Amino acid sequence: EIYTLSLHDALPISYLDGKKMQEGSTNEMLFQVDYMIPYLSQDHTLKPGDLCSCGTVISFNEKAFDNADLRSYDGKVLESYIEHIGTMKNHIKAI
């Protein structure tokens, strides 16, 4: 089945060690995707498969991070999922 993804209605969800930390819609982002891609490509050649990490949606769960010692995230796994695209998994390493 072919699915047409709308840049304005994609649903990113983020998990930290399996705990949902963020869920929202790309239409909640401060800078819309159709603004960011042309802006980024002014200085960088974007190629198929490139990822643009562009922050968070308004529904970001900042309470979960209040007064957090970022070193405590060492060894945790951050999963970023976008409906109809897939999941990116990052293993956090404190340096």
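Bear in mind that the values here come from a model prediction, so they are computed numbers and not experimental data. (Residues numbered from 1 in each chain as written. Predicted model: local features only at pLDDT ≥ 70, side-chain atom pairs only at ≥ 80, totals over all residues. Heavy atoms only, no water.)

1. Some words on the overall build of the protein
Phase 1 of the analysis: Within the protein, the secondary structure is distributed over 1 helix and 4 strands.
Phase 2 of the analysis: Going residue by residue from the N terminus, the α and β elements of the protein occur as β-β-α-β-β.
Phase 3 of the analysis: Taking all 95 residues of the protein together, 17% fall into the buried category.
Phase 4 of the analysis: Within the protein, contacts between residues separated by at least 24 positions form 46% of all contacts whose residues are at least 6 apart in sequence.
Phase 5 of the analysis: Accessible surface, the protein: about 7,500 Å² in total, of which carbon and sulfur atoms supply 55%. (Helix = DSSP H or I, 4+ residues; strand = E, 2+ residues; numbered from the N terminus. Buried < 20%, exposed > 50% of the residue type's maximum accessible area, 1.4 Å probe, protein only. Contact = heavy atoms within 4.5 Å. Areas by Shrake-Rupley, 256 points an atom, 1.4 Å probe, with all protein chains shown as cover.)

2. As for the pattern of salt bridges
Phase 1 of the analysis: Summed over all chains, the structure comprises 2 salt bridges.
Phase 2 of the analysis: With a closest N to O distance of 2.8 Å, lysine 20 and glutamate 23 form a salt bridge.
Phase 3 of the analysis: Note on lysine 20: relative accessible area 41%, which makes it partly exposed. (Salt bridge = Lys/Arg side-chain N within 4 Å of Asp/Glu carboxyl O.)

3. Some words on the packing of aromatic side chains
Phase 1 of the analysis: Using the criterion set out here, one finds 1 aromatic pair in the structure.
Phase 2 of the analysis: Measuring from centroid to centroid gives 5.8 Å for tyrosine 35 and tyrosine 39, while their planes differ by 15°, and the two rings are stacked. With tyrosine 35 and tyrosine 39 both in helix 1 (residues 33-40) and 4 residues apart, the pair spans about one turn of that helix. (Phe/Tyr/Trp six-rings, centres within 6.5 Å; stacked < 30°, edge-to-face > 60°.)

4. Focus on the confidence of the model for the protein
Phase 1 of the analysis: Scored by pLDDT, the protein has a mean of 80; 81% of the residues are at 70 or more.
Phase 2 of the analysis: Put simply, strand 2 (residues 19-23) is where the protein has its lowest mean pLDDT, 85, and strand 4 (residues 86-91) is where it has its highest, 92. (pLDDT = per-residue confidence, 0-100.)

5. Quick notes on the side chain of threonine 26
Phase 1 of the analysis: Among the structural elements, threonine 26 can be located in the loop between strand 2 and helix 1.
Phase 2 of the analysis: Excluding anything up to four places from it in sequence, threonine 26 contacts Leu7, His8, Asp9, Ala10, Pro12, Gln32 and Val33.

6. Details of the sheet that holds strand 4
Phase 1 of the analysis: Pairing is antiparallel across the open sheet formed by 4 strands, whose spatial order is 2-1-3-4. Only two strands of the sheet have a single neighbouring strand rather than two, namely strand 2 and strand 4. Strand-to-strand twist of the sheet, defined as the mean angle between neighbouring strand axes without regard to direction, takes the value 20°.
Phase 2 of the analysis: Sheet topology places strand 1 (residues 12-16) next to strand 3 (residues 77-82); 5 bridges connect them, and they run antiparallel. In the strand pairing of strand 3, serine 14 is matched with serine 80. (Pairing = 2+ DSSP bridges. Axes fitted to C-alpha atoms, helices over the stretch in contact; angles between N-to-C directions.)

7. Overview of the pairing of strand 1
Each regular strand shows side chains that alternate between the opposite faces of the sheet.
Phase 1 of the analysis: The element strand 1 is largely enclosed, with a buried count of 4 among its 5 residues.
Phase 2 of the analysis: Inspection of the sheet shows strand 1 paired to strand 2 by 4 bridges, in the antiparallel sense. Paired with isoleucine 13 across the two strands is glutamate 23, which belongs to strand 2.

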